[in-house]
There are 2 protein chains.
Amino acid sequence: MSWINESGPARDVVLTSRIRIARNIAAVPFPSIMQPHHAAEVAEKVKKSLYNKKAEAGSTFAFMYIRDVPAVERQILVEKHLASQDLMESYETSALLLDSKEKIAVMINEEDHIRMQCILPGFQLNQAWEKLNRVDDMIEADLEYAFHEQLGYLTCCPTNVGTGMRSSVMMHLPALTVNKQMNAILHTISKIGLTARGIYGEGSEAAGSIYQISNQITLGPSEEELINNLTITCRQIIEKERIARKALHKTTGIQFDDAVWRAYGVLRNARTLDIKEFMAYISQLRLGVSMGLIPGFSLEDVDSLMTAGQPAGVMKKTGQIIQGRDIDEARATVIRDAVDELLESRKNRKEG
Amino acid sequence: MSWINESGPARDVVLTSRIRIARNIAAVPFPSIMQPHHAAEVAEKVKKSLYNKKAEAGSTFAFMYIRDVPAVERQILVEKHLASQDLMESYETSALLLDSKEKIAVMINEEDHIRMQCILPGFQLNQAWEKLNRVDDMIEADLEYAFHEQLGYLTCCPTNVGTGMRSSVMMHLPALTVNKQMNAILHTISKIGLTARGIYGEGSEAAGSIYQISNQITLGPSEEELINNLTITCRQIIEKERIARKALHKTTGIQFDDAVWRAYGVLRNARTLDIKEFMAYISQLRLGVSMGLIPGFSLEDVDSLMTAGQPAGVMKKTGQIIQGRDIDEARATVIRDAVDELLESRKNRKEG
C-alpha cells in the first residue's frame, strides 16, 4: 500500500483510520436474492461511474472482476483490508474498484451492492470521510441508491441500516496492554456504542497489541456524530497510551531499551519467524521507534515491515501460496531483506 | 591475552591447552610454614632467574608483587586464569612473573613456592609442555628444587607430589551437551584418572557448554604419559563433538541457523546482558561460527568476545569494580562495541 509510507497525525499510536459505507442500488434486488444478470448490471454501472476517474490528485480507479484475480492476489487484497473474504467467495459475480494509492476500495456485489471504504494513515477519520463522501457523490450522480426517508440507506443486514457507515481506528496500544489497563478500556468502550477487537491473531490477546476500535451502531446519529464520538474516545485512548509509554520507560529503564533493541536484533537476524512472534517483536520495535530509541527508523518504516511480514506480504514476495514452516522461513528472509533495504536507503539519504 | 587472537589446532572444539607444574625450593620451608624473610628470598631468587629474560620469540617476563597490583587488575589476572585467588589472598608475600604474551605465568609463594603454567590456544598440550619445560630449566639452572628420588618433586599438598603437574584442556562441547552425551562422557572420564568441570558458572550445567578436562593423578606416570593419556581422550571427545554438531545441524536444519543468528542479533543489540545469558549466546554463536555460518567471523573473534564479556573483561573497560545490573549493562556495551569493532576491521580488511 503506497499510503503506508505517508505519515499521518498521531501515527505514534494510530496506524490507520478507516471509514466504510454500504449502499444498494434502487430497483435492483439485494445481492442475497439477485440473479446473475442483476449482478452484472450493478458491476457495469458502478464501474462506469468510477473506472479511470480521479480518486484524488495523482490517483485513478482500476477495475477488476474477482474471477480474474489470481489466488495469491486475492489473499493479499483481503489481508490488506482492501477487500473482504466474502467478496472473494462471491467471485462469480463480485468485482472491485481500487484507486492506485490503495486508499479507496469499492467492493461490488458483496453483502450489499456497494461497500466502499477509505483508509488513511494515522488519525484522520474526518479526512477519510471527506474522501469517501466524494466517491459516494460520484456514484450517486449516475445511480439511484435504495434510501428510505425515516430509516436512511437500506442495507442487506439490518445492523447496517441508516448511515450504512462503519468508522474504525487501528491503534497500537502496547503500554496500555503491558500495564493491564486494556481490559478496563475495552469495557468502557462497549458501554458507549463502540467495539474493539484485536486486528491480528486469534483469541483474547491482540497480536502485536493492535486493536481496531469502531462504532457499533449505524442507525440514529448522523455520520458526523458517529465519527465525532469515535474521535473523542480515540483521542482519550491516544493520550492514555502516550502517558503509559512514558511511565513504562521511566519505571523499566534500561530493560525497556534492551527489549526494543533485542526485538530489532531478532528481526534483523532470525532465519525463521512465526507470525505470533513476528507481531510481538514488531510491536516492541514500534514502541521503541515511537520513543525515538532507534535513530533513523521511522514509524512508517516499522509499519511497512509489519505489512511485509503478514502472510499476504510474504506470499507476494515468494509469488506462491505457502504456509507453516515454509512461510515462517520466507517471512524471516523478507524481513531481513526489508531491514537491509531500509538501512541502505537511510545510508544513501545521509550520503546523498 | 594476546594469544587469544592466535589460532590453534582443533580450535573449533578446544579453546585452550594448559599445563601447570608445582615446584618448591630445597632448604626453604614450604609457604604454609615459612617466615616473611623466606618468602622474600624465594621471590627475589625466582625473579632473578626469569625477570626480563626471553620466554619465547618476542616475549619477555615481567615481575610484580601482588601487593603492588590494583584490585581490578588482580581480579582480571584471576579471571584470565593467569593467577589464582589464593595468590591474591597471600598478597603480603606473593608475586607473579608473566610473559608479555600472557602464555606463561609463574606464581610465587602460593600454595607452593613456585606454580608455573603455560596456556596455549587450541589443542597443543605437547607444545605447552615444551615451553613450560624450558622455563622450568631456566629456574633450575639457578636454584635447587625440593626433589625426592622415589617420590619426585615435593609439594605442599600430597595430591601434587610426583610430577607436580596438572594438564588441562578447555573444550567447547555444545552439541554433546544438547544431545545429552555429556553425562556419559563425564562418567567415563572419571574412571580413567581424568576429571572434568564447567569452567564458567556454578552448579551442574557448565555455562556456555565449556568444560575443563584435566588429569586427576600426578604421581606414578611420567609427565609425558599423563599428557598422552589426556591427549588421547580429548581427541576422542573432539571427534564425538564434531560428529554431534553435524548431526545436530542436519536434524534441526533452519532452526539451527536461526538460533545462531538470533544469538548474534542479541549480542549485537542488547542493552543489558547477565553473565549466564551472555555465555549461552556466546556458546550458540561459537557453535555457528565453527560451522561457518557467520561469514567473516572467526573462532578467535568469538573467543575474544567471550573474554571481553567476563566480569574482569568488562571491568577492565569500565576501570572500576562493578556488579549486578551495572555490570550487565556495561557488558552489553562492551560486547556491542567489540562486535562493531570486529565488523569495522573486517570491512577495512576487505577494502584494504
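Refer to the preceding data block for the structure.
Each residue is numbered by its place in its chain's sequence as written, counting from 1. Chain letters and ligand numbers both follow the written order, the letters beginning at A and the numbers at 1. Two thresholds apply to this predicted model, a pLDDT of at least 70 for residue-level local features and 80 or more for giving and counting side-chain atom pairs, whereas whole-chain, interface and lining totals are computed over all residues. Each side-chain value is worked out from all heavy atoms of the structure, with water and hydrogens disregarded.

**Q** Honestly, the overall build of chain A in this entry has me stumped. Any pointers?
**A** Counting from the N terminus, the helices are DSSP H or I runs at least four residues long and the strands are E runs at least two residues long. Scanning chain A from terminus to terminus reveals 12 helices and 11 strands. Every radius of gyration here is taken over C-alpha atoms, with the globule rule written as 2.2 Å times N^0.38, N being the number of residues. Against the compact-globule benchmark of 20 Å for 352 residues, chain A has a radius of gyration of 21 Å, which places it among compact chains. Projected onto its principal axes, the C-alpha positions of chain A cover 65 × 45 × 40 Å. Burial classes: relative accessible area under 20% of the type maximum marks a residue as buried, over 50% as exposed, and values in between as partly exposed (1.4 Å probe, protein chains only). Buried residues in chain A amount to 54% of all 352 residues.

**Q** Is there a simple way to think about the interface of chain A and chain B in this case?
**A** When the parts of a complex come together, some accessible area is lost, and that lost area is often used as the size of the interface. The contact definition used throughout considers only heavy atoms, calling two residues in contact when any of these lie within 4.5 Å. Taken together, the contact between chain A and chain B spans 18 residues of the former and 18 residues of the latter. In short, buried area is how much 1.4 Å probe accessible area vanishes from two parts on joining, totalled over both. Counting each side, the surface lost to burial between chain A and chain B is near 1600 Å², with a carbon and sulfur contribution of 54%. Area buried by chain A at its contact with chain B is led by A:Arg262, A:Asn269 and A:Arg271, which between them contribute 37% of it. Should a side-chain nitrogen of Lys or Arg be within 4 Å of a carboxyl oxygen of Asp or Glu, the pair is scored as a salt bridge. Taken together, the links from chain A to chain B amount to two salt bridges. As used in this structure description, the phrase polar contact means that two N or O atoms lie within 3.5 Å; if the pair is within protein, one of them must be able to donate a hydrogen and the other to accept it, and residues adjacent in sequence are counted only when both atoms belong to side chains. The interface formed by chain A and chain B includes eight residue pairs in polar contact (both at pLDDT 80 or more). Among the secondary structure elements, those contributing two or more residues to the side of chain A that touches chain B are helix H8 (254-269) and helix H9 (275-290) of chain A. Sort the elements by how many residues they give to the side of chain A that touches chain B and H8(A) lands first, with 11 residues. Three residue categories are used. Nonpolar comprises Ala, Val, Leu, Ile, Met, Phe, Trp, Tyr, Cys and Pro, charged comprises Asp, Glu, Lys and Arg, and polar comprises the others, including Gly. Classifying every residue of the side of chain A that touches chain B gives seven nonpolar, four polar and seven charged.

**Q** When you look at the pairing of strand S3 (residues 59-65) of chain B in this model, what are you seeing that I'm missing?
**A** Residue and element names in this part refer to chain B. Strand pairing requires that DSSP identify at least two bridges connecting the strands. Bridge count between strand S2 (residues 54-56) and S3: two bridges; the pairing is antiparallel. Bridge pairing links Glu56 to Ser59 in S3. Once S2 ends, the chain turns through two residues before running back antiparallel as S3, passing Gly58 with a positive phi of about 80°. Strand direction decides the pairing type here: S3 and strand S4 (residues 95-99), joined by five bridges, are antiparallel. Paired with Met64 across the strands is Leu96, a residue of S4.

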